[in-house]
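Architecture and fold: a report
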Amino acid sequence: MQEEIANYKIVEAFEDIIRDKNLDPELVVETLKQALITAVKKRYGAADNIEVKIDHELGTIDIVIKKIVVMK
């Protein structure tokens, strides 16, 4: 239930931004993706293997950092 409320708020925020600023939804999603990638890089260091997936209709955001684990 809590997750559904959070997802609804994300969807509502996307819709408000898109409507109020008369923006292309894909532009808003791409801008948010780039901002999240920048934030992850600042927090965890530079990495080229960060994936951000945003579904603005469902209100979901997935961030994945792929790393190679090596045994010493």
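Above: the structure in question.
These remarks concern the structure in this document. (Residues numbered from 1 in each chain as written. Predicted model: local features only at pLDDT ≥ 70, side-chain atom pairs only at ≥ 80, totals over all residues. Heavy atoms only, no water.)

1. Structural notes on the overall build of the protein chain
Check the secondary structure of the protein chain and you find two helices and two strands. Across its three principal directions, the C-alpha atoms of the protein chain cover 55 × 30 × 15 Å. Of all 72 residues assigned to the protein chain, the portion counted as buried reaches 19%. In the protein chain, 34% of the contacts between residues at least 6 apart in sequence involve partners at least 24 apart. Surface accessibility of the protein chain: about 6100 Å² in total, with carbon and sulfur atoms responsible for 55%. (Helix = DSSP H or I, 4+ residues; strand = E, 2+ residues; numbered from the N terminus. Buried < 20%, exposed > 50% of the residue type's maximum accessible area, 1.4 Å probe, protein only. Contact = heavy atoms within 4.5 Å. Areas by Shrake-Rupley, 256 points an atom, 1.4 Å probe, with all protein chains shown as cover.)

2. Some remarks on the packing of aromatic side chains
Evaluated as defined, the whole model comprises zero aromatic pairs. For Arg43, the ring lying beneath its charged end belongs to Tyr44, and the centroid distance is 5.2 Å. (Phe/Tyr/Trp six-rings, centres within 6.5 Å; stacked < 30°, edge-to-face > 60°. Lys NZ or Arg CZ within 6 Å of the ring centre and 35° of its normal.)

This is a description of form; function is not addressed.
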